[in-house]
2 protein chains.
Amino acid sequence: MTINIGLVGTGTVGGGCIDILQKHHDAFERHLGIDVQLARVCSLSPDEAEAHGVGHLFTSDYREIVNDPNIDIVIELIGGTTIAKGVVLEALQAGKNVVTANKALMATFGEEVMDAVKAVGTELAFGASVGGGIPIIGPLKHSLIANEIESVMGIVNGTTNYMLTRMAEDGMSYDEALAEAQAKGFAEANPSADVDGFDAAAKIAILASIAFNSRVTIDDVYTKGISSITTTDLAAADEMGYVVKLMAIAHRLDNGIDVRVHPTMIPKGHQMANVNGVFNAIYVVGDFVGETMFFGEGAGAGAAASAVMGDVLEVARHIDMGYKPLPACSCTDDLKILPIEDLSMKYYIRFSVSDKLGVLATMADTFARHNVSVFSMVQRGAVVDGVVDVIYVTHTARESDIREAVDEIKSMNDILHADPSIIRVEE
Amino acid sequence: MTINIGLVGTGTVGGGCIDILQKHHDAFERHLGIDVQLARVCSLSPDEAEAHGVGHLFTSDYREIVNDPNIDIVIELIGGTTIAKGVVLEALQAGKNVVTANKALMATFGEEVMDAVKAVGTELAFGASVGGGIPIIGPLKHSLIANEIESVMGIVNGTTNYMLTRMAEDGMSYDEALAEAQAKGFAEANPSADVDGFDAAAKIAILASIAFNSRVTIDDVYTKGISSITTTDLAAADEMGYVVKLMAIAHRLDNGIDVRVHPTMIPKGHQMANVNGVFNAIYVVGDFVGETMFFGEGAGAGAAASAVMGDVLEVARHIDMGYKPLPACSCTDDLKILPIEDLSMKYYIRFSVSDKLGVLATMADTFARHNVSVFSMVQRGAVVDGVVDVIYVTHTARESDIREAVDEIKSMNDILHADPSIIRVEE
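Here the structure is a predicted model, which means the values were calculated and not measured.

Caption draft 1: The arrangement of the sheet that holds strand β2 (residues 35-42) of chain B in detail. All names here are of chain B. Read from one edge to the other, the open sheet built from six strands follows the order β3-β2-β1-β4-β5-β6, with strand pairing classed as parallel. Each edge of the open sheet is held by one strand with a lone partner, namely β3 (58-59) and β6 (124-125). Alignment of strand β5 (residues 97-100) against β6, held across two bridges, turns out to be parallel. Within β6, the residue paired with V98 across the bridge is L124. Sheet strands in contact with helix α1 (residues 12-32) are β1 (2-8) and β2, and its direction is about 160° off that of β2.

Caption draft 2: Up close: the sheet that holds strand β1 (residues 2-8) of chain A. Residues and elements named next belong to chain A. Strand order in this open sheet of six strands is β3-β2-β1-β4-β5-β6, and the pairing throughout is parallel. Edge positions in the open sheet fall to β3 (58-59) and β6 (124-125), since each of these has one partner strand only. Across the sheet, helix α4 (residues 83-93) touches β1, β4 (73-76), β5 (97-100) and β6, and the angle it forms with β4 is around 170°. Along the sheet face, helix α12 (residues 301-321) touches β1, β2 (35-42), β4, β5 and β6 and points at about 165° away from the line of β4.

Caption draft 3: Focus on the relation of the copies chain A and chain B. Of the transformation placing chain A onto chain B, the axial shift is 0.0 Å and the rotation is 180°, giving an RMSD of 0.0 Å. With respect to symmetry, the two chain copies, as superposed, fit the operation of a two-fold axis. For chain A, the minimum C-alpha distance to the rotation axis belongs to A:F294 and amounts to 2.4 Å. The fraction of interface residues of chain A whose copies in chain B are also interface residues reaches 100%, indicating that both copies meet through the same surface.

Caption draft 4: Structural view of unusual backbone geometry. Despite not being glycine, A:D414 has its phi angle at roughly 65°, a positive value. As for its position among the elements, A:D414 is in the loop between α14 (399-411) and β17 (421-425). Its relative accessible area of 55% is what places A:D414 among the exposed residues. Even without a glycine there, the phi angle at B:N213 is positive, about 55°. Tracing the backbone shows B:N213 in the loop between α10 (198-212) and β8 (222-223). You can call B:N213 buried: its relative accessible area is 12%.

Caption draft 5: Inspection of the pairing of β2(A) at higher detail. Residue and element names in this part refer to chain A. Relative to β2, β1 runs parallel, the two sharing seven bridges. Of the residues in β2, the one forming a bridge with V8 is C42. Regarding topology, helix α1 (residues 12-32) serves as the crossover connection from β1 to the parallel β2, and that connection is right-handed. Sheet topology places β2 next to β3; two bridges connect them, and they run parallel. Its bridge partner lying in β3, V41 is registered against F58.

Caption draft 6: Geometry of the environment of A:V41. All names here are of chain A. Mapped onto the secondary structure, V41 falls in strand β2. Judged by relative accessible area, which is 0%, V41 ranks as buried. Other than its neighbours up to four places away in sequence, V41 contacts L7, T10, A49, V54, L57, F58, T59 and I65.

Caption draft 7: The arrangement of the pattern of salt bridges in detail. Residues and elements named next belong to chain A. Summed over all chains, the structure comprises 50 salt bridges over all chains. D238 is the partner of K268 in a salt bridge, and the nearest nitrogen-oxygen pair spans 2.6 Å. Taken together, the residues K268 in the loop between β10 (256-267) and β11 (279-286) and D238 in helix α11 (residues 231-239) connect sequence positions 30 residues apart. Residue classification places K268 among the partly exposed positions, given a relative accessible area of 36%. Using a relative accessible area of 40% as the deciding quantity, one classes D238 as partly exposed. In this structure, the salt-bridge partner of R380 is E239, at a minimum N-O distance of 2.7 Å. Of this pair, R380 sits in strand β14 (residues 374-384) while E239 is found in helix α11, placing the two residues 141 residues apart along the sequence. By relative accessible area, R380 is classed as partly exposed at 22%. The network of salt bridges with shared partners includes E341, E399, R403 and R424.

Caption draft 8: View of the interface of chain A and chain B. Between chain A and chain B, the residue contacts involve 52 residues of the former and 52 residues of the latter. With both chains or domains summed, chain A and chain B bury close to 4,700 Å², and 59% of this area falls on carbon and sulfur atoms. Broken down residue by residue, the surface that chain A buries against chain B is led by A:F288, A:F295 and A:Y323, which jointly contribute 15%. Taken together, the connections running from chain A to chain B amount to four salt bridges. Ionic pairing is found between B:D287 and A:K23, a salt bridge with its closest N-O pair at 2.8 Å. For the pair chain A and chain B, the number of links is 26 residue pairs in polar contact (both at pLDDT 80 or more). Residues belonging to the side of chain A that touches chain B are distributed by class as follows: 22 nonpolar, 18 polar and twelve charged. In this structure, strand β12 (residues 290-297) of chain A lies alongside strand β12 (residues 290-297) of chain B, joined through five bridges in antiparallel fashion. Across the sheet, residue A:G296 finds its bridge partner in β12(B), namely B:T292.

Caption draft 9: Geometry of the side chain of B:N157. Residue and element names in this part refer to chain B. With respect to the secondary-structure elements, N157 resides in the loop between β7 (149-155) and α7 (158-170). Note on N157: relative accessible area 4%, which makes it buried. A polar side-chain atom of N157 sits 3.4 Å from the main-chain amide nitrogen of T159. Polar side-chain contacts of N157 include one of 2.7 Å to the side chain of T160. Ignoring sequence-local partners within four residues, the contact set of N157 consists of D194, D199 and N280.

Caption draft 10: The arrangement of the state of the cysteines in detail. On inspection of all chains with the given rule, the structure shows zero disulfides over all chains. Among the cysteines around A:C331, which has no disulfide bond, A:C329 carries the closest sulfur, lying 4.0 Å off.

Calculation rules
Residues numbered from 1 in each chain as written. Chains lettered and ligands numbered in written order. Predicted model: local features only at pLDDT ≥ 70, side-chain atom pairs only at ≥ 80, totals over all residues. Heavy atoms only, no water. Pairing = 2+ DSSP bridges. Helix = DSSP H or I, 4+ residues; strand = E, 2+ residues; numbered from the N terminus. Contact = heavy atoms within 4.5 Å. Axes fitted to C-alpha atoms, helices over the stretch in contact; angles between N-to-C directions. Least-squares fit on C-alpha atoms with pLDDT ≥ 70 in both. Buried < 20%, exposed > 50% of the residue type's maximum accessible area, 1.4 Å probe, protein only. Right-handed = clockwise from strand over helix to strand, strands pointing away. Salt bridge = Lys/Arg side-chain N within 4 Å of Asp/Glu carboxyl O. Buried area = accessible area lost by both parts, 1.4 Å probe. Polar contact = N/O pair within 3.5 Å; in protein donor to acceptor, adjacent residues only side chain to side chain. Nonpolar A, V, L, I, M, F, W, Y, C, P; charged D, E, K, R; others polar. Disulfide = S-S within 2.5 Å.

Following this line, the structure appears as structure tokens:
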């Protein structure tokens, strides 16, 4: 059987998909009995199509792809939630199967897209939207489905993981690490989606929706990026036996689910602590399987194209076998998303305080009045110009209590000399 | 739709499957729309069935399950290649779908089983045969299918990994580590399948068959266990920046495939080096995805049952949707399996030699005449009673050359005082 592909987007990942098809077309035919053909490509740049040797398939109008009756599967790789949304919805409405790597679209308009899939009865696959080439959506939807998933925790943004690795291992400042990441092409000129955590937030929204069978959108995710992380905090974490990672976290709790992205201290002995540089990893705990982890390259042409083309071949096999699609949406439950203020965890808090009598007693009293129990308190480094760093690690405390205590300390005269650094701790 | 399950084997993993069904029956119905019912259980022990509250479903004759027209899926969990083979083949011949965790059966009689599946047109799933609960067969058959897989390397036997971890971290001898593993229930009274590498060999045969689309049986796998590993070698490896793991390795080379199990030195910086205790991990390199790793519990009731029931639910969905099965066998290619003698790699070799003039020159000459280039040579520890340990690490050398050189040194008078320790090195 011949399956015709229409590719929308010929950038890094799209180019990787063309490379895979050119290199492995014959292997796919031999292994699967399917002749997978690239029938049409669309992008803003005919040069990109030319550069991959598919200039003769080029069109600048995606409607020529979504309305082409010969095309079986449309791949959407332009990203974003405006034109890409049109491509995906119009392709579905034209009866196409769709493969997309678009995390923003799925995390923002997932329900609308799923409703369109259901109405049309074709198949939508989005395995490349999280974790680059790491198989994670497939395992969550298939191999691990006999579990109640308790936790999903991911290092899902390679840019920030690269930056934090360079800061921790080589003592770079945040600005230096960002400049290097930009120079190497790991970070965009406007790095906000990465460093402010929005990319990770989209990904954990998708993972949580699948893991908990309950819709989570990007707007449901408490999100804090890494721009306030300093080398001082990374060094202090190291001394305490921890590393700091931008973690995307989703937990199932008794009264709902907890979904968030923020810099997180994790013990060096944890399997995730050794995930460095641009690598990604997703850690999943199920009630029967226990701990599992999925590791690999989270970005890059090859890894993401591997995931996209894995989806394409899966859909192609389904078409070949005459399968009607499994229900696209797995959100059969409706779990409450808990606000971060109501969560309880441990906290690292570094204050730059005046080195004078009574300050520590005042702070201890403030924590106590807000029900925050202190596990450890250490002065770090020397007193400079009457100011010294004091680091608190709390026992499990309620986020709202921590915020109130810290706000109260911040409001006091002559105690703090800089905004405190607060990093949440996962054991 | 109701799907009826017949379970053959009510030991650790079978018990875990019953637990999952009892705990999650309602969630499966809500999420998948399928009422999964345990209809019959068979084992040698009615007490095990009673203990799990399913004594009323018990039969001691598996034929009552495979011939029961109400049963849709038969789960085979008795292991081994005698009765289990009968259960699987008779169930298939009776038109049942089969889920099995039986690595020995699949690695030994995989072709015969696959032929039976094809002849009958039902579905066979064996995701639990490798890696316990770690999703690895699913990703290799689906998410990663757009890649040419270059390497699969696994720590796939928890017993030996536990023992090597205890020996390396706590200085236990092999015998002490084995005794502890047996006391904790990680090793059998007869530990041969684990410590001699046969369990790992079955697993890499299965993984290689899928990864390379070419049949590999357990008899094709060069297999060496851990019984000759000493704390001396583990300490020497540590000093050199390596750890020793029982690795199951499969590489695609230009002229065929290389499949083997043996103790292996890997650099401490490698992601697999931190996989300790009873955990398993499988590292996969694909031409587009790059490096990926899958980590988790390789054994235990919950993990293995998670994989078995994941397969059961997958098959149940296929029945519910009216899918005809995908081809069970993915061995469309016929790649040559290279004998280990023809492979080239690096070697660690520790000799206990006489501390006298001329010995090192003789050994150097022997290596050189056999085309073995030495990367480093160090004397380790003190001379005791005229004997001292000398450790060689070679550049990449041919296995047959290494064997000839070592045999020649062994045959010389008055040089060696013990059998040399040889550990292969993967970078």
